[in-house]
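Now for the letters of each chain:
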Amino acid sequence: MALNIVLFEPEIPNNTGNIGRLALASGSKLHLVKPFGFELSDSRLKRAGLDYWQHLDVVIYDSIAAFFSDNKEAQFAFFSSHGEQPHWDIKFEKNLFLIFGKESAGLPKSIIENHKEHLYKIPLYSEHIRSLNLANAVAIVIYEGLRQLQ
């Protein structure tokens, strides 16, 4: 596996389905942290992931605390519109955990405060939007990572 995609408390099944498809296409592992805003059996999740979902390498955690407990030794990069470093400044390495927050609120404030040195953003060039769609943001970061790892 090249990279690890982590979704903290995803809310929209279509986004998670699309990100699952992206994880499979990029050789990445998907980590989903509860609570979810949908059921894993949701037809919208399956439709977005098409018939690829069964081939996906996915790990599910009951909480953010459980995620950090299970991955104590991992290297992390966190993504938020509050980040000051652009995503292309990340030193991508295999098995890096790329952590994204939920669609409505992003990452919890405590995560942002405790991980500022590993907090990144995708630059936006218009004052008319606050953020990108989660699936689009993950795709941008994953393919920048794969480009750097080539």
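Thresholds, definitions, all that
- Residues numbered from 1 in each chain as written.
- Predicted model: local features only at pLDDT ≥ 70, side-chain atom pairs only at ≥ 80, totals over all residues.
- Heavy atoms only, no water.
- Pairing = 2+ DSSP bridges.
- Helix = DSSP H or I, 4+ residues; strand = E, 2+ residues; numbered from the N terminus.
- Contact = heavy atoms within 4.5 Å.
- Axes fitted to C-alpha atoms, helices over the stretch in contact; angles between N-to-C directions.
- Polar contact = N/O pair within 3.5 Å; in protein donor to acceptor, adjacent residues only side chain to side chain.
- Phe/Tyr/Trp six-rings, centres within 6.5 Å; stacked < 30°, edge-to-face > 60°.
- Buried < 20%, exposed > 50% of the residue type's maximum accessible area, 1.4 Å probe, protein only.
- Parallel < 35°, antiparallel > 145°, perpendicular 65-115°, else oblique.
- Left-handed = near helix turned anticlockwise from the far one by under 90°.
- Nonpolar A, V, L, I, M, F, W, Y, C, P; charged D, E, K, R; others polar.

Student: Looking at this model, I keep getting lost on the sheet that holds strand β2 (residues 29–33). Mind explaining?
Tutor: Through backbone hydrogen bonds, the strands of a sheet pair up, either in parallel or in antiparallel fashion. In spatial order, the strands read β3-β2-β1-β6-β4-β7-β5; together these 7 strands make up an open sheet with parallel pairing. A strand with exactly one partner marks an edge of an open sheet, and here the two such strands are β3 (58–61) and β5 (85–86). Here strand β4 (residues 76–79) pairs with strand β7 (residues 119–121) via 2 bridges, running parallel. Pairing of F79 across the sheet is with Y120, part of β7. Across the sheet, helix α5 (residues 134–149) is in contact with β1 (4–8), β4 and β6 (97–100); its angle to β6 comes to roughly 160°.

Student: Would you explain the side chain of S28 in this entry?
Tutor: Topologically, S28 is positioned in the loop between α1 (13–26) and β2. A distance of 2.8 Å separates the side chain of S28 from the side chain of S26, its partner in a polar contact.

Student: For this particular structure, what's the right way to read the packing of aromatic side chains?
Tutor: Each aromatic ring pair is described using two quantities: the centre-to-centre distance and the angle formed by the ring planes. Counted according to the given criterion, the structure contains 12 aromatic pairs. Relative to F97, the ring of F67 lies with its centre 5.8 Å away and its plane at 65°, an arrangement referred to as edge-to-face. Here F67 is found in helix α3 (residues 64–70), whereas its partner F97 is found in strand β6, with 30 residues between them in sequence. Judged by relative accessible area, which is 0%, F67 ranks as buried. Relative to F78, the ring of F68 lies with its centre 6.4 Å away and its plane at 35°, an arrangement referred to as tilted. Separated by 10 residues along the polypeptide, F68 in helix α3 and F78 in strand β4 bring together distant segments of the chain. Clustering of aromatic rings is evident, with ring pairs tying together F8, Y61, F67, F68, F76, F78 and F97.

Student: For this particular structure, what's the right way to read the packing of α1 against α5?
Tutor: If you want to describe how two helices pack, look at the angle between their axes and the distance between the axes. At a minimum axis separation of 9 Å, α1 and α5 run at an interaxial angle of 15°. In terms of axis orientation, α1 runs roughly parallel to α5. Here α1 and α5 pass one another in a crossing that is right-handed. Here α1 contributes N15, N18, I19, L22, A25 and S26 to the contact with α5, which in turn contributes L134, A135, V138, A139, I142, Y143 and L146. Its residues assigned to classes, the contact of α1 with α5 comprises 10 nonpolar, 3 polar and no charged.

No statement about biological role is implied by the geometric values presented.
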